[in-house]
Amino acid sequence: MSLGIEQQGISDSDPYIKEPSLWSIAMPLENERKFCIHESKSVEEAFKKVAEKVLKVEQKYISIGRGFSVRVRKSAEGKSVSYSMTVKKNVSGQVVEIETRISEADFNRLWPTGFSKVCKFRYLYQGWEIDFFKDSDSNNYLAVAEIEMPAWQREPRHIPSIIKKHLLYAVP
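The shown structure was predicted, so the numbers you read here are calculated from the model rather than taken from an experiment. (Residues numbered from 1 in each chain as written. Predicted model: local features only at pLDDT ≥ 70, side-chain atom pairs only at ≥ 80, totals over all residues. Heavy atoms only, no water.)

Q: Explain the overall build of the chain here, please?
A: Within the chain, the secondary structure is distributed over 3 helices and 10 strands. Across the chain, helices and strands are ordered from the amino to the carboxyl terminus as β-β-α-β-β-β-β-α-β-β-β-α-β. Going through the 172 residues of the chain one by one, you find that 35% of them count as buried. A separation threshold of at least 6 residues defines the contact pool for the chain, and within that pool the share at least 24 residues apart is 55%. Accessible surface computed for the chain: about 11300 Å², of which carbon and sulfur atoms make up 54%. (Helix = DSSP H or I, 4+ residues; strand = E, 2+ residues; numbered from the N terminus. Buried < 20%, exposed > 50% of the residue type's maximum accessible area, 1.4 Å probe, protein only. Contact = heavy atoms within 4.5 Å. Areas by Shrake-Rupley, 256 points an atom, 1.4 Å probe, with all protein chains shown as cover.)

Q: Hey, could you run me through the pairing of strand E8 (residues 128-134) in this one?
A: In regular strands, side chains alternate between the two faces of the sheet. In terms of residue burial, E8 counts as a mostly covered element, since 6 of its 7 residues are buried. One ladder, built from 7 bridges, connects strand E7 (residues 115-125) with E8; its direction is antiparallel. Bridge pairing in E8 places cysteine 119 opposite lysine 134. Once E7 ends, the chain turns through 2 residues before running back antiparallel as E8, passing glutamine 126 with a positive phi of about 50 degrees. (Pairing = 2+ DSSP bridges.)

Q: Any chance you could explain the confidence of the model for the chain here in plain terms?
A: Averaged over the chain, the pLDDT score is 88; the fraction of residues at 70 or greater is 84%. Under a pLDDT of 50 for its full length, residues 1-24 has, in the predicted model, 10 contacts with residues more than four places off or in other chains. (pLDDT = per-residue confidence, 0-100.)

Q: Is there a simple way to think about the nonpolar core in this case?
A: In globular proteins that are soluble, nonpolar side chains generally tend to be buried together. Counting residues in hydrophobic clusters, the biggest one holds 17 residues, and the most contacted among them are Ile37, Phe47, Trp128, Ile130, Phe132 and Ile163. Aside from chain neighbours lying at most four places away, what touches isoleucine 37 is Phe47, Ile130, Phe132, Ala143, Val144, Ala145, Ile163, His166, Leu167 and Leu168. Of all hydrophobic cores here, the second largest spans 5 residues; its members include Val72, Tyr83, Phe107 and Trp111. (Core = buried A, V, L, I, M, F, W, Y, C linked by side-chain atoms within 4.5 Å.)

Q: I tried to follow the sheet that holds strand E5 (residues 80-91) on my own but got confused; where do I start?
A: Strands in a sheet are paired, the pairing made by backbone hydrogen bonds, and the direction either parallel or antiparallel. Pairing is antiparallel in the open sheet, where 10 strands are placed in the order E1-E6-E5-E4-E3-E7-E8-E9-E2-E10. The sheet is open, and its two borders are formed by strand E1 (29-30) and strand E10 (167-170), each paired with just one other strand. Note that strand E2 (residues 32-37) and E10 share 3 bridges and pair antiparallel. Along E10, the bridge assignment pairs cysteine 36 with tyrosine 169. Docked against the sheet, helix H1 (residues 41-50) engages E2, E7, E8 and strand E9 (140-148), running at close to 140 degrees with respect to E8. (Axes fitted to C-alpha atoms, helices over the stretch in contact; angles between N-to-C directions.)

Q: Explain the packing of aromatic side chains to me, please; I cannot follow it from the model alone.
A: For any pair of aromatic rings, the description rests on two quantities: the centre-to-centre distance and the angle between the ring planes. A complete count under the given rule lists 6 aromatic pairs for this structure. When the ring of tyrosine 123 is compared with that of phenylalanine 132, the centres are 5.8 Å apart and the planes differ by 80 degrees; the resulting orientation is edge-to-face. Phenylalanine 132 gets classed as buried once you look at its relative accessible area, which sits at 0%. The rings of Phe47, Tyr123 and Phe132 are connected pair by pair, giving a single aromatic cluster. (Phe/Tyr/Trp six-rings, centres within 6.5 Å; stacked < 30°, edge-to-face > 60°.)

Q: Is there a simple way to think about the side chain of glutamine 59 in this case?
A: Mapped onto the elements of the fold, glutamine 59 is located in strand E3 (residues 53-65). Residue glutamine 59 is classed as buried on the basis of its relative accessible area of 4%. Only 3.4 Å separates the side chain of glutamine 59 from the side chain of tyrosine 61, close enough to count as a polar contact. At 2.5 Å, the side chain of glutamine 59 and the side chain of arginine 73 are in polar contact. (Polar contact = N/O pair within 3.5 Å; in protein donor to acceptor, adjacent residues only side chain to side chain.)

Q: Please clarify how the pairing of strand E4 (residues 68-77) should be interpreted in this entry.
A: For E4, a buried count of 7 out of 10 residues is recorded, marking the element as mostly surrounded by other parts of the structure. Pairing of E3 with E4 involves 9 bridges; the strand directions are antiparallel. Residue pairing for E4: isoleucine 64 is matched across the bridge by serine 69. For E4 and E5, the ladder comprises 10 bridges, and the chain directions are antiparallel. Within the sheet, the bridge partner assigned to serine 69 lies in E5 and is lysine 88.

Take a look at the structure:
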């Protein structure tokens, strides 16, 4: 059984606590804008040429319910590989997103329990994430450009010309 901070004899004003308590940390709210772009190989090649970083991403959902999801993800940049688990929950019209790194062993235990496998290549460019989703034959079937923004911001300040050039529509 977990005890609350006061029940453990610790107070937020304790001079020996160097970090703020969990109670004073804001929830990580997701605020992003997504844009569908052309998914052709030539468009993907254009992003590959300008990308600051390229990741191969594989993920599966562990659980999906009304207003929430839990997924595990493997991200590879060359020989460097990282593993993560993400929980997303809709709370009063806003999405709380909590992502944490997990070990390869934990990933391998969870992976077989997942469903709805997603494979994509992610190109990072000027703060944007451009994802090219792949089918089982490695053909593109969808491409999305996404930008994370501060909670107060509604629209991106700038859309790079390479995204504008291949833009199909803004996702509502």
